[in-house]
Amino acid sequence: MNIHLFYRHYNIEGNDNKGRPQWFDFEKCFKNLLSSIKNKPVILHVIMDGNVNNNFINKYKTKFTLHTIKAGNDTLSALKTYNIISTLKNDIGENDLIALTE
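Keep in mind that what you see is a predicted model, and the values were worked out from it rather than measured.

Conventions and cut-offs
- Residues numbered from 1 in each chain as written.
- Predicted model: local features only at pLDDT ≥ 70, side-chain atom pairs only at ≥ 80, totals over all residues.
- Heavy atoms only, no water.
- Pairing = 2+ DSSP bridges.
- Helix = DSSP H or I, 4+ residues; strand = E, 2+ residues; numbered from the N terminus.
- Axes fitted to C-alpha atoms, helices over the stretch in contact; angles between N-to-C directions.
- Expected span 1.5 Å × (residues − 1).
- Contact = heavy atoms within 4.5 Å.
- Polar contact = N/O pair within 3.5 Å; in protein donor to acceptor, adjacent residues only side chain to side chain.

Undergrad: So what about the sheet that holds strand β2 (residues 42-49)? Which residues, and what values?
TA: Within a sheet, adjacent strands bond to each other through the backbone by hydrogen bonds, running parallel or antiparallel. Read across the sheet, four strands follow the order β3-β2-β1-β4 without closing on themselves; strand pairing throughout is parallel. Strands at the two margins of the open sheet, each flanked by one partner only, are β3 (65-69) and β4 (97-101). Across the sheet, the mean angle from the axis of one strand to that of its neighbour is 20 degrees, orientation sign disregarded. One ladder, built from eight bridges, connects strand β1 (residues 3-10) with β2; its direction is parallel.

Dropping the structure here:
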């Protein structure tokens, strides 16, 4: 059994806080995610809304499967994420779990 973790991300820099505490950093959170799933039965799928080349995610792209989309808002991003999941139905085992996060 594997866990397929779908992490939605948009084109921001690591400390684009928008109402979050000043110390918050997206890149540090992402690095923590990578370290917490290391050597675990987790298959990470990053859903990138925007240009990955201008984002810190680009530095880590060998550690996950990257799916790029152009959505621009949460609703459309969620719909496109569900569409991606449905296209992977042959790669997701019958007993595998699917989890979504941002």
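Don't stop here, the text continues.
Undergrad: Which residues make up helix α2 (residues 74-87), and what values do they have?
TA: For α2, with 14 residues, the first-to-last C-alpha span of 20 Å sits near the 20 Å given by 1.5 Å per residue. In this structure, the buried residues of α2 make contact with β1, β2, β3 and β4. Where α2 begins, the side chain of Asn73 points an oxygen toward the backbone nitrogen of Thr75, at a separation of 3.1 Å.

The values are spatial; any link to function lies outside them.
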